Amino acid sequence: MTAMYLKSIELAGFKSFGKKTTLEFGTRISSIVGPNGSGKSNVADGFRFVLGEQSMKSMRGKRGEDLIWGGSPALPRMNRAGVKVVFDNSKRLLDLDFKDVTVERVVYRDGQNEYLLNGTVVRLKDVIRLLAGANIGGSGYQIISQGEADRILNASPRERREMVEDALGLKLYQHKKVESERKLEETGMNIDKTKSLRRELAPHLNFLRVQVEKIEKAREMKDELAVRLNEYLARENAWITQEDARLRDDEKTHDAELKKLAESVSHARAVRASAGQGATADLKTKIGDREGKLSEARRESEQITRELGRAEGALEANTVTVEQIVPVPHVRQFARALSETIAEAERENDISIIKNRLGQIRERIKAFVEGLSGAAPETNEEVRQQVEALAKSLERVRTQEAALAGELETLRQRIAEAREAGFTAERDLMELESSVRVAQSKLGGVRSARANIAGLRQRFEEEVREGIALIGAAVHGWEKADIPAGALLEEDRHAQEKRRREIERLKIKIEESGIGGGDAVVKEFNQTKEREEFLARELVDLESSAQKLQDIITELEKTIDARFTEGIKHINVALQNFFAKLFGGGHAKLEVEEPRRKTARENLDAESEDEEDFVSEEEGLYAGLSIDVALPRKKIRGLDVLSGGERALTSIALIFSMSQVNPPPFLILDETDAALDEANSRRYADMIRELGNKSQLIVITHNRATMAAAGELYGVTMGQDGVSKLLSVKLEEAERVAK
Ligand code: ATP
């Protein structure tokens, strides 16, 4: 004996069950009997409903409302219909950790549905999943509705295949496959998206890469520039500092020299001045004066000589008169001189000159008269004395004369000397002035060299500033560097100039590279690269998961295929057995058709019928199932030639054989035996018993043989109030109740 799974069903406000009604299932085969229209099929509908049926048609209604107790004069209508089934879960039929599992569904008048698992509201999906795990639900072959026994015969090969797959418990794999296919499709979309993102990113990344390469080149150039610039600046600074110090010393030296020369010049000028015109003029005046005095002295000595001569003559003659003393020529000369001076005065117009001449005349007269009176000696003695005195005077005058002549000589000597000194001073001055010029030109040279150095210093500072702008703080390296060898030597200047030109060239190159703030570009490049690498990794991940999904799908397909093939084999064995039993021979067999493509029509139907089901929309090849039937003693084969009863028998054989191979926990058969004659009813009852060993059965029937196979019987009746009522009955009563 296998386990019992279905414990009870409770119908509350569901269709004709206006009052809460519970059916407890205590045996493997339960039979529900009762008169037409009492509500037996409503119980089967209740099963469908609670197991998640979405098709109203299969529950014989149009809207959700039709499922709710509609009310009768005796009992008012209700607002909700609820059906609850209790499963014995001690064998973990359902994947839930409970001993009993209650599945409940409620529908309200507004069409709202509610699903509860052990009293907790869940989604329809959850219910369907849970039941599918226990081989319950799906295409619904385990609830065979009234008059629908041959549904499996009427179904299309594709629908039939689905029913068989369902019966074989392949639905779970199908769901998994569909799920995997959906995931694969999603993954495929993500792969496409990732690829297109990478494609979009590629040109930008390339652009950035080129930029960054340029930036790196520029950075290398900048590093080189820093090295070169530091050496250049260190040398330049050393040179400028040295030159500046040297030139400052030179300037000082030349300044001092010039000062000294200026002093010498002014001294030489003084010397020249003292030896010059002023001094000579003074000497010349003196000479003039002495010359005048000398000629005076000579005149005096001549006169004295003459008077002395006369006096000596008179002394010889012993007689001396004035007439003798004053010679006539002397008087004449006196008169002539006077007359000449008067004539000169007469020619003059200037009164002052005339007056001057008159003065001269008076002086002349006075001198003549004095000469007459004073010079008239009285006696010889007197004359002798006179001679003596005159001789003495003459000597004095002559001494005076000699002294003056000597003085004159000295003065003339001095003039010559002064002239000589003047020439010497002039020469010295000229020499000094030329020295000054030389010194000045030297100083000028030093100053212009200093100006040049100042210019170099300015250029140097400018270069430092430019360097900061180009390479930043790295430019200060030169400050710490030792003075490079040769930096202080003149011959380094050529090399230094070469360095400078190279630095200029480098600067131009850096400027031409045209990259200023490269940091932002580098950052963006790194980010973009990271993004690209992320996408590449993502792609690898996605492709590997796509591969995995593909593998899973392939594996599932293999499993489904293998189980299906294996299942069909087993079903066919059972089918042949049941068929032969029912028909007393003959053959029946399920055959897998040649694969064909699903039509668009079929796809559409599948979509509109099963809104919430997991039907795949695959367009793949689909091999349907056909049934080959050969009745005993009849020549024609195929389903089309079967009578109603024969169709029912064939269906029953097929359904039962399917149930045998993968027995569902329970099976509900609603008057599946309606079309059978008595003999077949008995065979049917035997089959029910056989089937009951594998699945729990709930059989709705009017057939006594069938009733007899059941362990317990429920009678359903409907009174005047229109409410279905339930009563437990014995077999003996059953037939009465059923009528
Ligand atoms: P048969 O033996 O002829 O197949 P049955 O016992 O299977 O009959 P059901 O089809 O289960 O009968 O019951 C039909 C009855 O249920 C009808 O009388 C119908 O009026 C009643 N019924 C169906 N839906 C409702 C509803 N929503 N409210 C009240 N009664 C309803």
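Residues numbered from 1 in each chain as written. Predicted model: local features only at pLDDT ≥ 70, side-chain atom pairs only at ≥ 80, totals over all residues. Heavy atoms only, no water.

S.K.: Whenever I open this one, the overall build of the protein confuses me. Can you help?
M.R.: The helix and strand inventory of the protein stands at 18 helices and 16 strands. Here the C-alpha radius of gyration of the protein, 80 Å, is well above what a compact globule of 739 residues would show, namely 27 Å. Reported as C-alpha extents along the three principal axes, the dimensions of the protein are approximately 245 × 60 × 50 Å. The buried share of the protein, taken over its 739 residues, is 41%. The long-range share in the protein, meaning contacts at least 24 apart out of those at least 6 apart in sequence, stands at 76%. Summed over all atoms, the accessible surface of the protein reaches about 41,100 Å², with 51% contributed by carbon and sulfur. Across the protein, 117 positive and 128 negative side-chain charges occur, with their mean positions spaced 5 Å apart. (Helix = DSSP H or I, 4+ residues; strand = E, 2+ residues; numbered from the N terminus. Rg over C-alpha atoms; globule rule 2.2 N^0.38 Å. Buried < 20%, exposed > 50% of the residue type's maximum accessible area, 1.4 Å probe, protein only. Contact = heavy atoms within 4.5 Å. Areas by Shrake-Rupley, 256 points an atom, 1.4 Å probe, with all protein chains shown as cover. Lys, Arg positive; Asp, Glu negative; His and termini not counted. Charge placed at Lys NZ, Arg CZ, Asp CG, Glu CD.)

S.K.: For this particular structure, what's the right way to read the site of the ligand?
M.R.: The environment of the ligand is formed by 18 residues, the closest being N36, G37, K40, S41 and R60. Note that an oxygen atom of the ligand is positioned 2.7 Å from one of the side-chain N or O atoms of K40. The backbone of D66 places a nitrogen or oxygen atom 3.1 Å from a nitrogen atom of the ligand. Look at the ligand: alone it shows 650 Å² of surface, and the protein chains cover 73% of it. Across the shell around the ligand, the residue classes break down as three nonpolar, ten polar and five charged. (Near = heavy atom within 4 Å. Polar contact = N/O pair within 3.5 Å; in protein donor to acceptor, adjacent residues only side chain to side chain. Nonpolar A, V, L, I, M, F, W, Y, C, P; charged D, E, K, R; others polar.)

S.K.: Looking at this model, I keep getting lost on the sheet that holds strand β16 (residues 724-729). Mind explaining?
M.R.: Pairing between sheet strands relies on hydrogen bonds along the backbone, with the strands arranged either parallel or antiparallel. With mixed pairing, six strands are arranged side by side in an open sheet as β8-β13-β14-β3-β15-β16. Either end of the sheet is taken by a strand with one partner, and the two such strands are β8 (143-144) and β16. Sheet topology places strand β3 (residues 29-33) next to strand β14 (residues 696-700); four bridges connect them, and they run parallel. Looking across to β14, one finds that I32 is bridged to I700. Along the sheet, helix α1 (residues 40-50) makes contact with β3, β8, β13 (666-670), β14 and β15 (712-718), crossing β13 at roughly 145°. (Pairing = 2+ DSSP bridges. Axes fitted to C-alpha atoms, helices over the stretch in contact; angles between N-to-C directions.)

S.K.: When you look at the packing of aromatic side chains in this model, what are you seeing that I'm missing?
M.R.: For any two aromatic rings, the description comes down to two numbers: the centre-to-centre distance and the angle of the planes. The full count for this structure, using the stated rule, is nine aromatic pairs. Between F87 and F666, the ring centres sit 6.2 Å apart and the planes meet at 35°, which makes this aromatic pair tilted. One end of the pair, F87, is in strand β4 (residues 80-88); the other, F666, is in strand β13, and 579 residues separate them in sequence. Considered together, F87 and F666 belong to a single accessibility category, that of buried residues. Aromatic pair F579 and F583: ring centres 4.4 Å apart, planes at 35°, arrangement tilted. In this pair, F579 and F583 are both assigned in helix α13 (residues 518-583), four residues apart and thus about one turn of the helix distant. Since its relative accessible area comes to 0%, F579 is described here as buried. Residue classification places F583 among the buried positions, given a relative accessible area of 13%. (Phe/Tyr/Trp six-rings, centres within 6.5 Å; stacked < 30°, edge-to-face > 60°.)

S.K.: I keep staring at the domain arrangement of the protein and nothing clicks. Help me out?
M.R.: A common way to express how large an interface is: the accessible area buried when the components associate. Per the domain assignment, the segments of the protein are domain 1 (1-142 + 664-739) and domain 2 (281-434). For domain 1 and domain 2, the distance between their C-alpha centroids amounts to 194 Å. (Domains from an automatic or database assignment.)

S.K.: Just checking my understanding: could you explain a positive patch on the surface for this structure?
M.R.: Positive charge collects at one region of the surface, where K217, K498, R501, R505 and K509 lie side by side. Here K217 shows up in helix α5 (residues 171-274). (Patch = residues over 30% accessible without salt bridge, like charges linked within 9 Å, V, L, I, M, F, W, Y side chains within 5 Å. Salt bridge = Lys/Arg side-chain N within 4 Å of Asp/Glu carboxyl O.)

S.K.: Is there a simple way to think about a negative patch on the surface in this case?
M.R.: Taken together, the side chains of E213, E216, E220 and D223 define an acidic patch exposed on the protein surface. By secondary structure assignment, the location of D223 is in helix α5.

S.K.: What am I meant to see in the sheet that holds strand β6 (residues 113-117) here?
M.R.: Across the sheet, which stays open at both edges, the six strands sit in the order β2-β1-β4-β5-β6-β7 with antiparallel pairing between neighbours. The open sheet is flanked by β2 (21-24) and β7 (120-122), the only strands paired with a single partner. Each neighbouring strand pair of the sheet contributes to a mean axis angle of 20°, computed without reference to strand direction. Where β6 lies against β7, three bridges are found, and the strand directions are antiparallel. Residue Y115 lies in a different strand from β7, and its bridge partner there is V122.

S.K.: Honestly, the pattern of salt bridges in this entry has me stumped. Any pointers?
M.R.: Close approach of charged atoms lets side chains of opposite charge pair. Evaluated as defined, the whole model comprises 53 salt bridges. The salt bridge involving K7 is made with D100; its shortest N-O contact spans 3.1 Å. Residue K7 is located in strand β1 (residues 6-12), and its partner D100 is located in strand β5 (residues 100-108); the two are separated by 93 residues in the primary sequence. K7 sits in the partly exposed class, given a relative accessible area of 33%. Put simply, K15 and D45 hold a salt bridge, and the shortest N to O gap is 2.8 Å. In this pair, K15 is assigned in the loop between β1 and β2 and D45 in helix α1, connecting sequence segments 30 residues apart. The two residues K15 and D45 agree in class, both being buried. Among the charged side chains, a network of salt bridges with common partners joins E236, R459, E463, R493, E497 and R500.

S.K.: Looking at this structure, I do not really get the packing of helix α15 (residues 644-661) against helix α16 (residues 678-692). What am I missing?
M.R.: What describes two packed helices is the angle between their axes and the distance between those same axes. As a packed pair, α15 and α16 sit with axes 11 Å apart at the nearest point and diverge in direction by 10°. Between α15 and α16, the angle is such that the two are roughly parallel. Only N680, Y684, M687, I688, E690 and L691 of α16 make contact with α15, whose side of the interface consists of L649, I652, F656, S659 and Q660. Here the residues of the contact of α15 with α16 are counted per class, giving seven nonpolar, three polar and one charged. (Parallel < 35°, antiparallel > 145°, perpendicular 65-115°, else oblique.)

S.K.: Help me out: how do you make sense of the pairing of β3 in this one?
M.R.: Here is the key point about a regular strand: its side chains alternate between the two faces of the sheet. Of all five residues in β3, five are buried, a share of seventy percent or more. Of the two faces of β3, the one holding I29, S31 and V33 and the one holding S30 and I32 are both buried throughout.

S.K.: I keep staring at helix α12 (residues 492-513) and nothing clicks. Help me out?
M.R.: Residues spaced three or four apart along an α-helix face the same direction, because each turn holds 3.6 residues. When the terminal C-alpha atoms of α12 are compared, their 31 Å separation across 22 residues agrees well with the 32 Å that a helix rising 1.5 Å per residue should span. Listed as buried for α12 are D492, R493, Q496, R499, R500, I503, L506, K507 and I510. Take α12 and look down its axis: the buried residues cluster within an arc of 130°, on one side only. The outward face of α12, more than 90 degrees from its buried face, is lined by the exposed residues H494, K498, R505 and E512. (Expected span 1.5 Å × (residues − 1). Arc of directions from axis to C-beta.)

S.K.: What am I meant to see in unusual backbone geometry here?
M.R.: Leaving glycine out, the prevailing phi sign among residues is negative, and the prevailing peptide bond configuration is trans. A positive phi is found at N118, a non-glycine position, where the angle reads about 50°. With respect to the element layout, N118 can be found in the loop between β6 and β7.

S.K.: Would you explain the nonpolar core in this entry?
M.R.: Side chains that are nonpolar tend, in soluble globular proteins, to be buried together. V164, L590, L654, F656, L669, Y684 and I688 are the most contacted members of the largest nonpolar core, which has 56 residues in total. The element best represented in this core is α13, accounting for eleven residues. In this structure, I688 is in contact with I29, F656, L669, L697, V699 and A709, ignoring residues within four places of it in sequence. Grouped together as the second largest cluster of nonpolar side chains are 42 residues, F25, V43, I68 and I136 included. (Core = buried A, V, L, I, M, F, W, Y, C linked by side-chain atoms within 4.5 Å.)

S.K.: Sorry, what's going on with the confidence of the model for the protein here?
M.R.: Reading fine detail from the predicted coordinates is not recommended where pLDDT is low. Averaged over every residue, the pLDDT of the protein is 86; the share at 70 or more is 91%. In this model, residues 607-619 is a region of pLDDT below 50 whose contacts with residues beyond four sequence positions or in other chains number 18 contacts. (pLDDT = per-residue confidence, 0-100.)

S.K.: Looking at this structure, how should I read the pairing of β6?
M.R.: Two strands pair when backbone bridges link them, and β5 and β6 are joined in this way by five bridges, in the antiparallel orientation. Directly across from E104, in β6, lies its bridge partner L116. Hairpin connection between β5 and β6: a loop of four residues separates the two successive antiparallel strands, and G111 in this loop has a positive phi of roughly 90°. Where β6 folds back on β7, the antiparallel hairpin that results is connected by two residues, among which N118 adopts a positive phi of roughly 50°.

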